[in-house]
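Residues per chain, in single letters:
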Amino acid sequence: MSELTRSQREFRAAMANLSAAVNVVTTDGPHGLAGITVSAACSVTDSPPTVLVCVNRTTRSHEVLVANGRICVNVLGSDHEDLAMHFAGATRVPTAERFTARDWDLETEGVPVLRGAPASLVGRIVAEQGQGSHSVLFVEVEKVLTSADSGALVYFQRRFHNLAAQPVSA
């Protein structure tokens, strides 16, 4: 790997200060089962409901996600840090074993859905735009699943942080 330029180092340092929700994007289909941890995901529009997800093109998961065309964006809760690490490839847990825990519903939606996730967005990739090392995947949402608010897992300053759910005042 080549040394980073000054501009790249400054950009990365700045982006470390951008808090981001942590998600595990999953797929299953004729091209296989895959999942990857991403922090670059956000809503685009509600007409039709669409989100975007940025995925590094050099990962095995990228090829499988795009080839299958149908994915689930699983928004992680405050108790999902271990899961985020597994799907980020930071542990030695093989891909197939990441889905063996009873945390996953592998049947109902045709793609892996994390049981108890604060939100899971099941949809179809409708467009892909390359930008540098990544693809921006536009996903039209077909189904939304939510659970009781269990807080959030966010990435900030190159570390995971847990945010507790706050009660809503009347």
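Structural data are supplied above this passage.
Because the structure is predicted, anything quoted here is derived from the model rather than measured. (Residues numbered from 1 in each chain as written. Predicted model: local features only at pLDDT ≥ 70, side-chain atom pairs only at ≥ 80, totals over all residues. Heavy atoms only, no water.)

J.: How would you summarise the side chain of Ser 135 if you had to cite specific residues and measurements?
T.: Its place among the elements puts Ser 135 in strand S10 (residues 134-146). Of note is the side chain of Ser 135, whose polar atom sits 2.8 Å from the side chain of His 62. At a separation of 2.9 Å, a polar atom in the side chain of Ser 135 contacts the side chain of Glu 128. Contacts of Ser 135, omitting those with residues within four sequence positions, involve Val 53, Cys 54, Val 55, Arg 57, His 62, Glu 128, Gln 129 and Gly 130. (Helix = DSSP H or I, 4+ residues; strand = E, 2+ residues; numbered from the N terminus. Polar contact = N/O pair within 3.5 Å; in protein donor to acceptor, adjacent residues only side chain to side chain. Contact = heavy atoms within 4.5 Å.)

J.: I'd like to hear about the sheet that holds strand S5 (residues 49-56), residue by residue, with values.
T.: The antiparallel open sheet is built from seven strands, whose spatial order is S3-S2-S6-S9-S10-S5-S4. Here the strands that pair on one side only, and so sit at the sheet edges, are strand S3 (34-38) and strand S4 (41-46). With strand direction ignored, the average angle separating the axes of adjacent strands in the sheet is 30°. Running at roughly 115° to S3, helix H2 (residues 60-68) makes contact with strand S2 (23-27), S3, S5, strand S6 (70-75), strand S9 (119-131) and S10 of the sheet. (Pairing = 2+ DSSP bridges. Axes fitted to C-alpha atoms, helices over the stretch in contact; angles between N-to-C directions.)

J.: Go over the pattern of salt bridges with me, naming the residues and quoting the values.
T.: Going through the model one piece at a time under the given rule, you end up with four salt bridges. For Arg 6, the salt bridge identified is with Glu 10, shortest N-O distance 2.9 Å. Residue Arg 6 and its partner Glu 10 are located together in helix H1 (residues 6-15), separated by four residues, close to a single helical turn. Residue classification places Arg 6 among the exposed residues on the basis of a relative accessible area of 59%. With its nearest N and O atoms 3.5 Å apart, the salt bridge here joins Arg 124 to Glu 142. Separated by 18 residues along the polypeptide, Arg 124 in strand S9 and Glu 142 in strand S10 bring together distant segments of the chain. Taking the relative accessible area as the measure of exposure, Arg 124 reaches 39% and is therefore partly exposed. The exposure class assigned to Glu 142 is partly exposed, which follows from its relative accessible area of 44%. (Salt bridge = Lys/Arg side-chain N within 4 Å of Asp/Glu carboxyl O. Buried < 20%, exposed > 50% of the residue type's maximum accessible area, 1.4 Å probe, protein only.)

J.: Tell me about the side chain of Thr 26, and please be specific about residues and values.
T.: In this fold, Thr 26 is placed in strand S2. Side-chain polar atoms of Thr 26 contact the backbone oxygen of Pro 112, separated by 2.6 Å. Every residue in contact with Thr 26, bar those within four places of it in the chain, is listed here: Ala 34, Gly 35, Leu 65, Arg 70, Ile 71, Cys 72, Asn 74, Phe 99, Trp 104 and Pro 112.

J.: I'd like to hear about the layout of surface pockets, residue by residue, with values.
T.: Of the voids in this model, the largest pocket is the one considered here, and its volume is about 1,300 Å³. Residue lining of the largest pocket: 27 residues in total, with Met 15, Ser 39, Ala 40, His 134 and Tyr 155 positioned closest to the centre. Contributing elements (two or more residues each) for the lining of the largest pocket: H1, S3, S5 and S10. For the lining of the largest pocket, the element with the highest residue contribution is H1, accounting for four residues. Classifying every residue of the lining of the largest pocket by side-chain character gives 17 nonpolar, eight polar and two charged. (1 Å grid on protein atoms, 1.4 Å probe; cavity = no way out; pocket = protein on both sides within 12 Å on 5 of 7 lines; lining within 4 Å. Points joined across faces, edges and corners; volume = space filled by probe spheres on them. Nonpolar A, V, L, I, M, F, W, Y, C, P; charged D, E, K, R; others polar.)

J.: Quick one: what's the story with the packing of aromatic side chains, residue by residue and with numbers?
T.: Scanning the model with the defined rule gives four aromatic pairs in all. With a centroid separation of 5.1 Å and 70° between ring planes, the pair formed by Phe 87 and Phe 99 is classed as edge-to-face. Pair noted here: Phe 87 is in helix H3 (residues 81-87) and Phe 99 is in the loop between helix H4 (95-98) and strand S7 (104-105), with a separation of 12 residues, a long-range link. Among the aromatic residues, those joined into a cluster by ring pairs are Phe 87, Phe 99 and Trp 104. (Phe/Tyr/Trp six-rings, centres within 6.5 Å; stacked < 30°, edge-to-face > 60°.)

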